[in-house]
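# Architecture at a glance
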Amino acid sequence: MLPRLARVVTQTSKLRSLTSNGSMKNLSFFSRYGYATVAPAAADPSPQKDFPSKSPINLDNMFWSKPCSLALPKDSPLRIDEPDYVGIRLFILKMMMFYSKQSMSIRGANVIYKRIIAQVDKPAIYDVFNLEKTFKITFSLLVLHMWLVLRRLKEDGQEGVDLGQYVYEIYNHDVELRVSKAGVNLLLAKWMKELERIFYGNVVAYDAALLPEAKPNELQIKLWRNVFSDDGTTTPDNTDLKAAQAMARYVRRELGSLSLTDKESIFSGNFSFTPLENKPL
């Protein structure tokens with residue numbers, strides 16, 4: 001996908017979870033075990049959360065609609081277009097390399113990342129899937145949507161891969177700020193290295209779940225494990241599985257919708273993930 005994303009991570013080390021108030025608990029951060037091989041889960045004294053039964057939303061009815069382009073209309077107030085300068089101002093900006101390929105890519109990458117943050121930080125995604133807004137869950141959703149975007153950019157060849165590298169660098173800086181705000185000021189470099197490994201592990205897992213030879217429920221199992229599960233288990237019961245199944249449909253729908261979105265809208269960041277406030281989908 002990207003030069004740095006080409007690393008295949010088969011196992012990640014154990015981590016302590018961060019809470020939103022900056023304290024640390026002796027629990028898993030994402031999962032206690034590697035992404036390729038799952039060890040038996042350690043006993044967790046806290047009760048397993050029953051996500052769907054608490055949710056007022058009927059997840060069985062969601063995310064069945066056909067994918068469609070996510071491009072923002074020309075008159076959308078959410079659009080961020082390049083400034084239309086003329087005359088001496090245009091000349092000066094060209095001299096200052098404002099319109100160079102690199103400068104335009106960096107600006108596009110910033111807008112793309114804003115679209116990711118807009119979906120991940122809004123309450124809607126937590127409400128729909130009945131998730132707590134903790135550091136662990138927010139980070140898992142952030143990685144998931146980064147993967148969605150990077151996979152779409154890869155469809156446009158090397159140009160998309162190069163743009164994806166800019167998006168990844170912006171993401172990496174944002175994660176560092178989030179870790180600092182969560183209260184980790186010591187050994188920050190070590191934490192960032194572990195989070196990077198988790199990122200790669202998720203990317204590998206999600207890509208593998210879409211392979212033709214993957215099991216039909218492989219994606220929902222990966223999503224359960226990376227987003228919902230507190231103890232690294234990969235086989236939730238039938239009730240809990242509904243949340244992961246709904247998220248798997250959401251992910252596949254967004255993948256299809258991103259593929260239907262034109263290159264110009266993707267590269268400029270003038271697209272928006274499916275709004276989850278409008279239910280059902």
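For the structure itself, consult the block above.
Report on the accompanying structure. (Residues numbered from 1 in each chain as written. Predicted model: local features only at pLDDT ≥ 70, side-chain atom pairs only at ≥ 80, totals over all residues. Heavy atoms only, no water.)

### As for the layout of surface pockets
Within this model, the largest pocket holds a volume of roughly 510 Å³. Along its surface, the largest pocket is lined by 23 residues, and E82, M104, G108, F267 and S268 are the ones closest to its centre. Per element, the largest residue contribution to the lining of the largest pocket is seven residues, and it comes from helix 3 (residues 101–121). (1 Å grid on protein atoms, 1.4 Å probe; cavity = no way out; pocket = protein on both sides within 12 Å on 5 of 7 lines; lining within 4 Å. Points joined across faces, edges and corners; volume = space filled by probe spheres on them. Helix = DSSP H or I, 4+ residues; strand = E, 2+ residues; numbered from the N terminus.)

### A few points about the nonpolar core
Counting residues in each nonpolar core, the largest one holds 69 residues, and the members touching the most others are F129, Y171, M247 and V251. Listing elements by their share of this core, those giving two or more residues are helix 3, helix 4 (123–128), helix 5 (135–154), helix 6 (157–181), helix 7 (188–209), helix 8 (218–228), helix 9 (238–260) and helix 10 (263–268). (Core = buried A, V, L, I, M, F, W, Y, C linked by side-chain atoms within 4.5 Å. Buried < 20%, exposed > 50% of the residue type's maximum accessible area, 1.4 Å probe, protein only.)

### Regarding a nonpolar patch on the surface
A grouping of I88, F91, I92, M95 and M96 is seen on the molecular surface, where their side chains present a nonpolar patch of about 580 Å² in accessible area. Summarising the element assignment, M96 is placed in the loop between helix 2 (87–95) and helix 3. (Patch = residues over 30% accessible without salt bridge, like charges linked within 9 Å, V, L, I, M, F, W, Y side chains within 5 Å. Areas by Shrake-Rupley, 256 points an atom, 1.4 Å probe, with all protein chains shown as cover. Salt bridge = Lys/Arg side-chain N within 4 Å of Asp/Glu carboxyl O.)

### Description of the environment of F228
As for its placement among the helices and strands, F228 is situated in helix 8. A relative accessible area of 1% means that F228 is categorised as buried. Taking C-alpha positions, F228 is 7.6 Å from I137, a pair spaced 91 residues apart along the chain.

### Considering the pattern of salt bridges
If the charged atoms of two oppositely charged side chains come close together, the side chains can form a pair. Counting across every chain of the model gives 11 salt bridges. Linking D60 and K242 is a salt bridge whose minimum nitrogen-to-oxygen distance equals 3.7 Å. Taken together, the positions of D60 in the loop between helix 1 (51–54) and helix 2 and K242 in helix 9 put the pair 182 residues apart, joining distant regions of the chain. The partner of R178 in a salt bridge is D174, with the nearest N and O atoms 2.8 Å apart. On the criterion of helical spacing, the pair formed by R178 and D174 is a turn pair, its members being four residues apart in helix 6.

### A look at unusual backbone geometry
Positive phi outside glycine occurs at F63, with the angle close to 70°. Its place among the elements puts F63 in the loop between helix 1 and helix 2. One non-glycine residue, N130, lies in the positive phi region at around 55°. Here N130 shows up in the loop between helix 4 and helix 5. By relative accessible area, N130 is classed as partly exposed at 22%.

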